[in-house]
Amino acid sequence: SSAPFFAPPPPPGDASSFIDLVKSTFVRKGSKHTSIARYNRFIELLKDQRNRMIDTPRFFEQILGLFAGYDDLVLGFNAFLPKGTSIVSETDGEG
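Rules used throughout
Residues numbered from 1 in each chain as written. Predicted model: local features only at pLDDT ≥ 70, side-chain atom pairs only at ≥ 80, totals over all residues. Heavy atoms only, no water. Axes fitted to C-alpha atoms, helices over the stretch in contact; angles between N-to-C directions. Helix = DSSP H or I, 4+ residues; strand = E, 2+ residues; numbered from the N terminus. Parallel < 35°, antiparallel > 145°, perpendicular 65-115°, else oblique. Left-handed = near helix turned anticlockwise from the far one by under 90°. Contact = heavy atoms within 4.5 Å. Nonpolar A, V, L, I, M, F, W, Y, C, P; charged D, E, K, R; others polar. pLDDT = per-residue confidence, 0-100. Buried < 20%, exposed > 50% of the residue type's maximum accessible area, 1.4 Å probe, protein only. Arc of directions from axis to C-beta. Polar contact = N/O pair within 3.5 Å; in protein donor to acceptor, adjacent residues only side chain to side chain. Salt bridge = Lys/Arg side-chain N within 4 Å of Asp/Glu carboxyl O.

Now for the packing of helix α1 (residues 15-26) against helix α4 (residues 71-78). Look at α1 against α4: their axes get within 11 Å of each other, and the N-to-C directions meet at 165°. Viewed along their axes, α1 and α4 adopt a mutual orientation that is roughly antiparallel. For the pair α1 and α4, the crossing hand works out as left-handed. In this structure, α1 uses Phe-18, Leu-21, Val-22, Thr-25 and Phe-26 to contact α4, whose residues at the interface are Leu-73, Gly-76 and Phe-77. Residue classes in the contact of α1 with α4 are distributed as six nonpolar, two polar and no charged.

Spelled out as structure tokens, the structure:
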């Protein structure tokens, strides 16, 4: 079994690079961990948030669920949140 893939987070505020990181994480050719559905759900959540179809706490909850096990994505996503706001992975503070 191979080690988890960890990519460096994109520069703060670089949304298109972050979306590419999410895509490359979930849609890796030849990987048994490929999840196009997870990537597509991420895009749907972004659209729902932009169109105000989902409230912020629910949006954060959904993002954490999608990024579970991918701490690099959680940390990278924080760059796009309002100042003073952050989400933390479920593994932060453990061990």
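When two helices pack together, their arrangement is given by the angle between the helix axes and by the axis-to-axis distance. One can describe the packing of helix α2 (residues 36-50) onto helix α3 (residues 56-66) by two numbers: an axis separation of 10 Å at closest approach and a directional angle of 165°. If you check the angle between α2 and α3, you find them roughly antiparallel. In the packing of α2 onto α3, the handedness of the crossing is left-handed. Here Arg-38, Arg-41, Phe-42, Leu-45, Leu-46 and Gln-49 of α2 come into contact with α3, specifically with Thr-56, Phe-59, Gln-62, Ile-63, Gly-65 and Leu-66. Looking at the contact of α2 with α3 residue by residue, the class counts come to six nonpolar, four polar and two charged.

The next point concerns the confidence of the model for the chain. Any residue range with low pLDDT should be treated as having predicted coordinates unsuitable for detailed reading. Of all residues in the chain, 73% attain a pLDDT of 70 or more, and the chain-wide mean is 78. Taking the mean pLDDT of every element in the chain, the minimum, 87, falls on α4 and the maximum, 91, on α2.

A few words now on α3. Buried within α3 are the following residues: Phe-59, Phe-60, Gln-62, Ile-63 and Leu-66. Along the long axis of α3, the arc covered by the buried residues comes to 165°, so they all point the same way. Those residues of α3 that are buried lie in contact with α1, α2 and α4. A side-chain oxygen of the first residue of α3 lies 2.9 Å from the backbone nitrogen of Arg-58; this N-cap is Asp-55.

Once that is clear, we can look at the pattern of salt bridges. A side chain with one charge may pair with a side chain of the opposite charge, provided their charged atoms come close. One pass over the structure, following the stated rule, counts two salt bridges. With a shortest N-O distance of 3.3 Å, Glu-44 and Arg-41 are connected by a salt bridge. Of this pair, Glu-44 and Arg-41 both sit in helix α2, three residues apart, which is roughly one turn of the helix. Looking at Glu-44, the relative accessible area reads 41%, which means it is partly exposed. For Arg-58, the salt bridge is made with Glu-61, and the minimal N-O distance between the two is 2.7 Å. Note that Arg-58 and Glu-61 are positioned in helix α3 at a spacing of three residues, about one turn of the helix. What makes Arg-58 partly exposed here is its relative accessible area of 40%. Judged by relative accessible area, Glu-61 falls into the partly exposed class, the value being 48%.

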